[in-house]
Amino acid sequence: RRDKPAVSSKAQMRKNVLRAMTGGRTKLARGAGEDGVVVGFGTDQHHVLECDGTVRLKVVVNRNPGVAFHLRYATRDGSARKGERFTHTEGTLRFSSNQTEREIEIPIIDDNVWQPDEYFTCELSGLRVSGATSGPSSGLEPRLGTRSTTVTILNDDMPGTLDFAFNEVHTEEGVDATIWVKRTHGHCGRISCRYSTVQGTATAGRDYEPVEGQLVFEDGEKEKHFVVPIKTSQLRTTEFEERFRVKLDEASPGVRFDKNTDGGEHCALCEIVIPPHKQMSIAKRLMIWLCNVDKLCSHAENWADQFASVLYCNGSAQDQATASAQDWFFHCLTLPFKAAFSFIPPASICGGWACFLCALGMIGLVTAVVGDLATLLGCCLGIGDDITAISLVAMGTSLPDTFASKLAAQQDATADNSIGNVTGSNSVNVFLGLGLPWTLAAIYWDINGVTEAWKQKRWGGERYEDLFLQTYPEGGFIV
């Protein structure tokens, strides 16, 4: 399949077609320099504009045949389909004894819909001699040379280029923004694209109503518009200029976006500006810049939803209605942990860093609690701390990751999240669980050096002083 040629007008397209047609000269049927009569297509490639209506294919003989003959011709579908891009044509082509050229005319179907360049073939077959005639003759029967030719139909319908009429639209609180989209460089056929809002400093749901939908241009239509509702904030006196964007993408085949705009060839972008209600002092502007009130309120609502979902089995009233006895058992068992982890802020605050750091702190806290409980259990059962650490503590901290990975593998289409969870868990255990304590202990040892407490420590019933001090006068951090 041929790609759509990058042309700017029908005149330029026609010029390119003529170059393609004349660049390879019409050649005689193969075998022109050989003995015998050879008949076939003059060239194995033809190009035609969709708007031309017909294409004429020359069938030529390399010399005066001396006999009358006939042959069959028929079109065959390629990427172009009969009835959609061309009219199927077949029949018999008859040559007289002194005729060296005939034409086959094939109708091309024109429409106003952009389609990629497509091709079909025309084939010759069934060559038969009709009978001998008077006059010079080679005495040889004709034979087929170039039996098939490919006809490429070049699309000349330009669906157009989509772009916003204005790259920036200014509005006011409470005044809906009307966004105009223009269609240039062609307006053939019915096309569509998707439009949607993209959040910026303005907060969706508070400063404006997020919208998304399909914008449809009928054949010949050059402009369309849609409306973005702008809300009136309750904090009008404490806000400064806010912005968000509207995006066009997912256009119909053949439709382009202006590559010289912000969105490039893949999409179009328009920025909507909501100015402040009144001028504010520099101090107030700095405070608002550090803390967007609308976003803070939205984050606070999400945070409050976390506490509300803790009380429901499976997280919501709808899911709680279908909860099983097993779900209720684990809900009651883990309720204290759910309540504690609800204090972790949502991922939308501070770009997710607040959630990440607080989650690490909570995991460390839980690990410390599990470690202390395991130490108490080992003390009661007479199990050493080293055995307790590699059995009970390791199992207690790793089992949740195991179940989380299993759940991710079951629910996701791929195993990416499952593998990522296992790898991340091991990385935290190794790099933080081991690396951080060892680094702190090594720094502490380097500062304090050999102490009396270190000398009195015992391993295998003997003191460190007797075992290691002579070999390592400066002592060392021993794990």
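The structure displayed is predicted, hence computed values, not measured ones. (Residues numbered from 1 in each chain as written. Predicted model: local features only at pLDDT ≥ 70, side-chain atom pairs only at ≥ 80, totals over all residues. Heavy atoms only, no water.)

Novice: Hey, could you go over the side chain of T161 for me, with residue numbers and the actual values?
Specialist: One can find T161 in strand β10 (residues 161–164). Leaving out residues up to four positions away in the same chain, T161 has contacts with K182, R183, T184, H185, R256, F257 and D258. (Helix = DSSP H or I, 4+ residues; strand = E, 2+ residues; numbered from the N terminus. Contact = heavy atoms within 4.5 Å.)

Novice: Lay out the side chain of T43 in plain terms, naming residues and giving numbers.
Specialist: Tracing the backbone through its elements, the reader meets T43 in the loop between β1 (38–41) and β2 (45–49). Only 3.4 Å separates the side chain of T43 from the backbone nitrogen of Q45, close enough to count as a polar contact. (Polar contact = N/O pair within 3.5 Å; in protein donor to acceptor, adjacent residues only side chain to side chain.)

Novice: Could you give an account of a nonpolar patch on the surface, with specific residues and numbers?
Specialist: Among the surface-exposed residues, V428, V430, F431, L432, L434, L436, W438 and L440 lie close enough to one another that they form a single nonpolar patch of about 770 Å² accessible area. By the element assignment, W438 lies in helix α8 (residues 416–448). (Patch = residues over 30% accessible without salt bridge, like charges linked within 9 Å, V, L, I, M, F, W, Y side chains within 5 Å. Areas by Shrake-Rupley, 256 points an atom, 1.4 Å probe, with all protein chains shown as cover. Salt bridge = Lys/Arg side-chain N within 4 Å of Asp/Glu carboxyl O.)

Novice: I'd love a proper account of the sheet that holds strand β3 (residues 54–61), names of residues and values included.
Specialist: In space, the 4 strands of this open sheet follow the order β6-β3-β1-β8, with mixed pairing throughout. Whereas interior strands pair on both sides, the edge strands pair on one side only; in this sheet they are β6 (101–107) and β8 (143–144). Where β1 lies against β3, 3 bridges are found, and the strand directions are antiparallel. Its bridge partner being in β3, G40 is matched across the sheet by V60. (Pairing = 2+ DSSP bridges.)

Novice: Describe the pairing of strand β12 (residues 177–184), listing the residues and the values that go with them.
Specialist: A one-sided burial pattern is seen for β12, the buried positions being A177, I179, V181 and R183 and the unburied ones T178, W180, K182 and T184. Across 4 bridges, the pairing between β10 and β12 is antiparallel. By the bridge assignment for β12, F164 is matched with V181. (Buried < 20%, exposed > 50% of the residue type's maximum accessible area, 1.4 Å probe, protein only.)

Novice: Which residues make up the sheet that holds strand β18 (residues 268–274), and what values go with them?
Specialist: With respect to topology, 5 strands assemble into an open sheet ordered β11-β18-β16-β13-β14, the strand pairing being mixed. Every interior strand has two partners, whereas the edge strands, β11 (168–170) and β14 (212–217), have only one. Strand-to-strand twist across the sheet, computed as the mean angle between neighbouring axes with direction ignored, equals 25°. Pairing of strand β13 (residues 191–198) with β14, which is carried by 6 bridges, proceeds in the antiparallel orientation. When the bridges of β14 are listed, S196 appears paired with E212. (Axes fitted to C-alpha atoms, helices over the stretch in contact; angles between N-to-C directions.)

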